[in-house]
Amino acid sequence: MALERHSVQLLFFTIFIISYISRYTLCLANYHEPPYGSNYYLDEIYEYGYDSQAYPSYLSSIEDGKSKDLIKQRTQILNLKNVGGFSKRGKTVNVDDFGAKADGTDDSKAFMQAWKEACSNTGAVIVVVPVDKTYRLKPIRFSGPCKANLTVQIYGTLEASDDQSDYKKDGRHWIVFDNVQNLVVEGGGTVNGNGKIWWENSCKINKSLPCKDAPTALTFYKGNNLVVSNLKIQDAQQIHVSFQKCKNVLAFNLMVTAPGDSPNTDGIHVTNTQNIRITSSTIGTGDDCISIVSGSQNVQAQDITCGPGHGISIGSLGKGNSNAYVSEVTVDGAKLSGTANGVRIKTWQGGSGYASNIIFQNIDMVNVKNPIIIDQNYCDQDDPCKEQSSAVHIKNVVFKNIRGTSASDEAVKLDCSKSYPCEAIVLENINLQSEEDEPKALCNNVDDLAQRGSVFPRCP
């Protein structure tokens, strides 16, 4: 049944892509060149109830050579093709026509008026942010549902207000696309979170300050059929791009950058989102390049360049004794350089649920600390974490074709729970060297560990 469900999802997504291309072809005749010129929020639910229909586990084991079957089936499910480079052509709504000045003053009102005009129209509508201009915006929410199929073409720069008093109503978000379906955001421009003031006031930088959230630069909330491409997102206040409660997402050709010491500035964050592909993107920030957390299923990351940062992570999961469910994740083709971790699954003690059916393969590491890591004793706080008996169950995980250099002596670390050991873990064709001491593998509390091909370092 689960495979049939995945097939239906893939069929739906294929129909969406064909429809998208058809809309582009139909409208292309209208324009030949891009138009270069002229307070509620539902906070993220941290505890998700388990729904066996929403989160199927179609493979219960990858032992006895079944890792190849897992990889084969995952490829069939997630082999979604890029649709980048297309721009729907139709009615054009230019923010300058609604009073946007791009002179350092607040342009939020003009952007909201342009959005209301676009959202209320039928057919295909393009919202244009002109090139070679910088628009200053306070926190802003572009809400749907819209009558039109919208494309937002960001050719210029969107810059966040750095006045923290502007964020009193919502201190967790800057730009939000809320409940907008069939949306394309593209253009080659820049989304600048202007985050320095937030980093300076982070408790991770100034230990005397209380810890509190900072805004996510760009949030997609409850959107279905999204394409986000050809953008630079830089210097976010905290997370750069978040896909939250979305379905059917293509994100590609993104450049996400922030200083390596900027706190909590995850590159791309995926939460409670199903059927998402992130590809051909370069991410270098002060935290995870990609973070995948609870409620996410059918996630594929491919052709990712990561560094600086904390690597590509599933988690953290289970904080505060919460339930967490992540399944069907593939990271296929990545290069990580100088990161604090490589490919990682991290869970807090005391949680419940599972992280299952996960593949990390075809990955190059360059001077990476902890290149391969499963940490079921994750503790990101000043005080020691209390030892607890429950844990998020980690099962059916493949690490394959991973090579390069480790900056720490523990190149492989599988630190699993005593009460809920990791289950069915595969290490296949691993070659991790160190320029100093000979690298080691730490492998605690792992049931059904398989080491295939040439594996170095090997678990004892």
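Before reading further, recall that the structure is shown in the block above.
Rules used throughout
- Residue positions within a chain follow its written sequence, with the count starting from 1.
- Totals for whole chains, interfaces and linings use all residues, but because this is a predicted model, local features are given only for residues with pLDDT of at least 70 and pairs of side-chain atoms are given and counted only at 80 or more.
- Side-chain numbers come from the whole structure's heavy atoms, not from hydrogens or water.
- Comment: elements are numbered from the N terminus, with helices defined as DSSP H or I runs of at least four residues and strands as E runs of at least two.
- Think of it in three bands: residues with accessible area under 20% of the maximum for their type are buried, residues over 50% are exposed, and the middle band is partly exposed, with areas taken using a 1.4 Å probe on protein chains only.
- Between Lys or Arg on one side and Asp or Glu on the other, a salt bridge is scored when a side-chain nitrogen of the former is within 4 Å of a carboxyl oxygen of the latter.
- Each pair of strands is called paired provided DSSP finds at least two bridges between the two strands.
- Fitting a line to C-alpha atoms yields each axis, with helices limited to the stretch in contact; the angle taken between N-to-C directions then spans 0 to 180 degrees.
- Any two residues whose heavy atoms approach within 4.5 Å are treated as being in contact.
- Each nonpolar core is a collection of buried residues, namely Ala, Val, Leu, Ile, Met, Phe, Trp, Tyr and Cys, held together in the definition by side-chain atoms within 4.5 Å.
- The definition used for a disulfide is geometric: two cysteine sulfur atoms within 2.5 Å.
- For Phe, Tyr and Trp, rings pair up if their centres lie within 6.5 Å, where Trp contributes its six-membered ring, and each pair is then called stacked (planes under 30 degrees apart), edge-to-face (over 60) or tilted (otherwise).
- Here, a charge over a ring means that NZ of Lys or CZ of Arg falls within 6 Å of the ring centre while also lying within 35 degrees of the ring normal.

Caption draft 1: Focus on unusual backbone geometry. Residue Pro 308 is reached from Gly 307 by a cis peptide bond, and omega for that bond is 0°. The topology assignment puts Pro 308 in the loop between strand E17 (296-306) and strand E18 (312-317). With an omega of 10°, the peptide bond between Gly 315 and Ser 316 qualifies as cis. Following the sequence through the fold, Ser 316 ends up in strand E18. Look at Asn 370: it is not a glycine, yet its phi comes out positive at around 50°. Unusually for a residue other than glycine, Asn 429 sits at a positive phi of about 55°. By secondary structure assignment, the location of Asn 429 is in strand E25 (residues 422-434). The partly exposed category is assigned to Asn 429, whose relative accessible area is 34%.

Caption draft 2: Molecular detail of the pattern of salt bridges. Here the structure, examined in full by the defined rule, presents 12 salt bridges. The salt bridge involving Arg 141 is made with Asp 170; its shortest N-O contact spans 3.6 Å. You can see Arg 141 sitting in strand E4 (residues 140-143) and its partner Asp 170 sitting in the loop between strand E6 (157-160) and strand E7 (173-178), a full 29 residues away along the chain. With relative accessibility at 14%, the residue Arg 141 sits in the buried group.

Caption draft 3: The arrangement of the pairing of strand E22 (residues 372-378) in detail. Of all 7 residues in E22, 6 are buried, a share of seventy percent or more. Bridging between strand E20 (residues 343-348) and E22 involves 5 bridges; their strand directions are parallel. Residue Trp 348 lies in a different strand from E22, and its bridge partner there is Tyr 378.

Caption draft 4: Examining the sheet that holds strand E26 (residues 440-444) more closely. One open sheet accounts for 11 strands, arranged E4-E7-E10-E12-E14-E16-E18-E20-E22-E24-E26; its pairing is parallel. With partners counted over all chains shown, the strands left at the sheet margins are E4 and E26, one partner each. For this sheet, the mean angle separating the axes of adjacent strands, direction not counted, is 15°. Here strand E10 (residues 216-221) pairs with strand E12 (residues 241-244) via 4 bridges, running parallel. Following the sheet pairing, Phe 220 is matched in E12 by Phe 243. In the packing of helix H3 (residues 108-120) onto the sheet, contacts are made with E4 and E7, and the angle to E4 comes to roughly 5°.

Caption draft 5: Here's a closer look at the nonpolar core. Counting residues in hydrophobic clusters, the biggest one holds 99 residues, and the most contacted among them are Phe 220, Phe 360 and Phe 399. Those residues within four positions of Phe 220 in sequence are excluded, and the remaining contacts are Phe 177, Leu 183, Val 185, Leu 226, Val 228, Val 241, Ser 242, Phe 243, Gln 244 and Cys 246.

Caption draft 6: Focus on the state of the cysteines. Applying the stated criterion across every chain, the model contains 6 disulfides. The side chain of Cys 416 participates in a disulfide bridge whose partner is Cys 422; the two sulfur atoms lie 1.9 Å from each other. Measuring handedness by torsion sign, the sulfur bridge of Cys 416 and Cys 422 sits at about -95° and is left-handed. Residue classification places Cys 416 among the buried residues on the basis of a relative accessible area of 2%. For Cys 422, a relative accessible area of 0% puts it in the buried group. Once the bonded cysteines of the protein chain are numbered in order along the sequence, the disulfide links fall as 1-2, 3-4, 5-6, 7-8, 9-10, 11-12.

Caption draft 7: Spotlight on the packing of aromatic side chains. Taken as a whole and assessed by the stated rule, the structure comprises 10 aromatic pairs. For the ring pair Phe 111 and Tyr 135, a centre distance of 5.4 Å and an interplane angle of 70° mean the geometry is edge-to-face. Here Tyr 135 lies in strand E3 (residues 134-137) and Phe 111 lies in helix H3, a separation of 24 residues in the sequence. Tyr 135 carries the same exposure label as Phe 111, and that label is buried. Of the aromatic side chains, those joined through ring pairs into one cluster are Trp 115, Phe 142, Phe 177, Phe 220 and Phe 243. Here Lys 395 stacks its cationic end above the ring of Tyr 354, 5.5 Å away from the centre of that ring.

Caption draft 8: Highlighting the pairing of strand E14 (residues 268-271). Of the two faces of E14, the one holding Ile 268 and Val 270 and the one holding His 269 and Thr 271 are both buried throughout. The sheet contact formed by E12 and E14 spans 4 bridges and is parallel. If you follow Phe 243 over to E14, its bridge partner there is Val 270. For E14 and strand E16 (residues 290-292), the ladder comprises 3 bridges, and the chain directions are parallel. If you follow His 269 over to E16, its bridge partner there is Ser 291.

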